[in-house]
Amino acid sequence: MSLDWIYSAISWILLLWHSAWDAIGVPDDAVAGTNWAWILAIIFLVVTVRVILFPVFVKQIKSQRAMQALQPKVKELQEKHKGDRETLQKEMMELYRKEKANPLMGCLPMFLQIPVFLGLFHVLRRLNPDKSEAGKTLYGWTVDQFNSASQANLFTAPIAGKFGSTAEELSRLGANGTTVKVIAGVLVLVMMLTTYLTSRQMILKTGWAEDPQQRMIQRLMLYGIPLSLLVSGAIFPIGVIIYWVTNNLFTLGQQQWVLRKFPPLVMNTGVAKSGAAKPGASRSPVQPARSGGLFGRGKTQAQPVVPAKPVNKALAPKPGAKPANPKKNRPAKRQG
């Protein structure tokens with residue numbers, strides 16, 4: 001299937017933002033070795049896509065809440081079908097179907113952004129000044145726009161350059177190999193860090209899943225994807241890495257806002273199935289939640305349990321008991 005419609009859509013948004021910044025006076029020429037009109041066009045491409053996908057992101061949060069609410073039932077199924085993985089998976093899929101919960105919904109926003117990423121990757125990879133005029137005008141570009149973008153830099157490193165650029169590619173872009181490797185290398189490290197933090201932020205707020213399938217997805221998101229970027233980042237153009245880093249920063253802020261507006265469910269883990277308290281467990285209905293930002297260094301906080309004050313009640317006399325005479329044991333008053 002042809003992906004030209006994706007390339008044309010990405011090009012249209014990118015060129016629209018570049019024209020907007022150019023119209024309000026952002027210089028198209030390099031300032032401090034950077035063509036800010038093109039850099040801002042890539043950044044606001046991210047903003048445009050994230051605004052469009054915001055309803056999907058809200059659905060992702062709601063799906064994660066539904067999965068969190070099902071954790072006690074998932075744990076019961078795991079204990080009931082321990083050692084029978086096939087039956088366990090069948091019962092869990094039936095539970096998800098009955099409760100209308102989708103374990104894969106948590107990855108949906110990322111999957112929907114893959115075509116955007118691939119489209120930008122293809123568009124920036126084409127920024128070769130030696131292309132023919134017919135090649136420069138594909139996907140709605142003009143020759144002037146194509147030439148301007150092919151010469152756009154971030155701190156003198158072209159946005160079409162990459163860490164693994166060959167000497168021939170660098171020569172066509174008029175770039176210094178050392179500068180490109182330094183800028184691209186730093187951006188790849190930032191990309192890995194921000195990718196890790198976006199996953200860690202969500203897991204710190206919602207906790208690890210009881211479902212082995214969900215836990216595997218969480219581990220993949222937390223460790224697998226950031227590590228894979230160490231290798232794949234070498235083939236990403238600098239403009240694509242700018243897109244990825246901006247997208248991660250947008251995700252961090254958006255997740256923080258949504259998690260505060262729709263806080264995770266509070267689960268009571270201190271009560272056994274029979275209703276009696278577990279030995280040594282607290283009866284407090286409040287589950288401590290981590291606070292300390294993305295790195296989880298803060299202290300655990302929970303609402304303090306204030307014991308009820310004892311009520312001083314006067315003891316009534318026992319039935320049949322003689323009333324106490326407070327004057328009986330008093331010493332007699334001395335006579336003048």
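None of the values given here were measured: they were computed from a predicted structure.

Draft legend 1. Representation of the side chain of Gln218. Within the secondary structure, Gln218 is located in helix 11 (residues 212–232). Ignoring anything within four residues of it in the chain, the contact list for Gln218 reads Ile203, Gly207, Trp208 and Ala209.

Draft legend 2. Quick peek at the pattern of salt bridges. Here the structure, examined in full by the defined rule, presents 3 salt bridges. Close ionic contact of Glu169 with Lys162 constitutes a salt bridge, the shortest N to O distance being 3.4 Å. On the basis of relative accessible area, Glu169 is assigned to the partly exposed category, the value being 24%. In this structure, the salt-bridge partner of Glu168 is Arg172, at a minimum N-O distance of 3.3 Å. Residue Glu168 and its partner Arg172 are located together in helix 9 (residues 167–173), separated by 4 residues, close to a single helical turn.

Draft legend 3. Spatial organisation of the packing of aromatic side chains. Inspection of every chain in the model, using the stated rule, returns 13 aromatic pairs. Ring centres of Trp17 and Trp21 lie 6.3 Å apart, and the angle between their planes is 25°; this geometry places the pair in the stacked category. One end of the pair, Trp17, and the other, Trp21, are both in helix 1 (residues 4–23), 4 residues apart, so they sit about a helical turn from each other. On the basis of relative accessible area, Trp17 is assigned to the partly exposed category, the value being 25%. Measuring from centroid to centroid gives 6.3 Å for Phe121 and Phe236, while their planes differ by 80°, and the two rings are edge-to-face. Of this pair, Phe121 sits in helix 6 (residues 108–125) while Phe236 sits in the loop between helix 11 and helix 12 (238–261), and the two are 115 residues apart along the sequence. Judged by its relative accessible area of 8%, Phe236 falls in the buried class. Over the aromatic face of Phe163 sits the side chain of Lys181, whose NZ or CZ is 5.6 Å from the ring centroid. Looking at Arg219, its charged tip hangs above the ring of Trp208, at a distance of 5.0 Å from the centre.

Draft legend 4. Molecular detail of the environment of Ser19. With respect to the helices and strands, Ser19 occurs in helix 1. Residue classification places Ser19 among the partly exposed positions, given a relative accessible area of 38%. Distance in space between the C-alpha atoms of Ser19 and Gln145 is 9.6 Å, their sequence separation being 126 residues.

Draft legend 5. Just the nonpolar core, in detail. Leu120, Trp141, Phe236 and Ile238 are the most contacted members of the largest nonpolar core, which has 50 residues in total. Where this core is concerned, the elements lending two or more residues are helix 1, helix 2 (36–52), helix 6, helix 8 (143–150), helix 9, helix 10 (177–206) and helix 12.

Draft legend 6. Highlighting the packing of helix 3 (residues 54–69) against helix 6. Two numbers describe how helix 3 lies on helix 6: the axes approach to 9 Å, and their chain directions differ by 150°. Classed by the angle they form, the pair helix 3 and helix 6 counts as roughly antiparallel. Taking contact as the criterion, the partners of Val56, Phe57 and Gln60 in helix 3 are, on helix 6, Leu108, Pro109 and Leu112. Here the residues of the contact of helix 3 with helix 6 sort into 5 nonpolar, 1 polar and no charged.

Draft legend 7. Quick peek at unusual backbone geometry. Even without being glycine, Ala32 reaches a positive phi, approximately 60°. When you line up the elements, Ala32 lands in the loop between helix 1 and helix 2. Residue classification places Ala32 among the exposed positions, given a relative accessible area of 60%. Positive phi is not limited to glycine here, since Phe155 has a value of about 50°. By the secondary structure assignment, Phe155 is in the loop between strand 1 (153–154) and strand 2 (157–158). With a relative accessible area of 43%, Phe155 lands in the partly exposed category.

Draft legend 8. Region of interest: a nonpolar patch on the surface. Nonpolar side chains collect at one region of the surface, where Leu108, Met110, Phe111, Leu112, Ile114 and Leu118 lie side by side and expose about 470 Å² of accessible area between them. Tracing the sequence through the fold places Leu112 in helix 6.

The rules behind the values
- All chains use their own residue numbering, which begins from 1 and follows the written sequence.
- In keeping with the predicted nature of the model, local features appear solely for residues at pLDDT of at least 70, side-chain atom pairs appear and are counted solely at 80 or more, and the whole-chain, interface and lining totals rest on all residues.
- Side-chain figures throughout are based on the complete set of non-hydrogen atoms in the structure, without hydrogens or water.
- Comment: elements are numbered from the N terminus, with helices defined as DSSP H or I runs of at least four residues and strands as E runs of at least two.
- What makes two residues a contact is simply this: any of their non-hydrogen atoms within 4.5 Å.
- In the sections that follow, a salt bridge refers to a side-chain nitrogen of Lys or Arg positioned within 4 Å of a carboxyl oxygen of Asp or Glu.
- Burial classes follow relative accessibility: with a 1.4 Å probe on protein chains only, a residue under 20% of its type's maximum area counts as buried, one over 50% as exposed, and anything between as partly exposed.
- Two rings from Phe, Tyr or Trp (for Trp, the six-membered ring) form a pair when their centres are within 6.5 Å of each other. A pair whose planes differ by under 30 degrees is stacked, one over 60 is edge-to-face, and the rest are tilted.
- Lysine NZ or arginine CZ positioned within 6 Å of the ring centre and within 35 degrees of the ring normal marks a charge as sitting over the ring.
- Buried residues of nine kinds, namely Ala, Val, Leu, Ile, Met, Phe, Trp, Tyr and Cys, make up a nonpolar core once their side-chain atoms join them within 4.5 Å.
- Working convention: axes come from line fits to C-alpha atoms, limited for helices to the stretch in contact. Angles between N-to-C directions cover 0 to 180 degrees.
- Here the angle decides the label: under 35 degrees means roughly parallel, over 145 means roughly antiparallel, 65 to 115 means roughly perpendicular, and every other value means oblique.
- Asp, Glu, Lys and Arg are counted as charged, while Ala, Val, Leu, Ile, Met, Phe, Trp, Tyr, Cys and Pro are counted as nonpolar; the rest, among them Gly, fall into the polar class.
- Patches here are clusters of residues that have more than 30% relative accessible area and form no salt bridge, with a 9 Å joining cutoff for like charges and a 5 Å cutoff for nonpolar side chains (Val, Leu, Ile, Met, Phe, Trp, Tyr).
- In these tables, accessible area is a Shrake-Rupley quantity obtained with a 1.4 Å probe, and a residue counts as shielded only by the protein chains included in the view.

Function-wise, these values are silent; they only describe arrangement.
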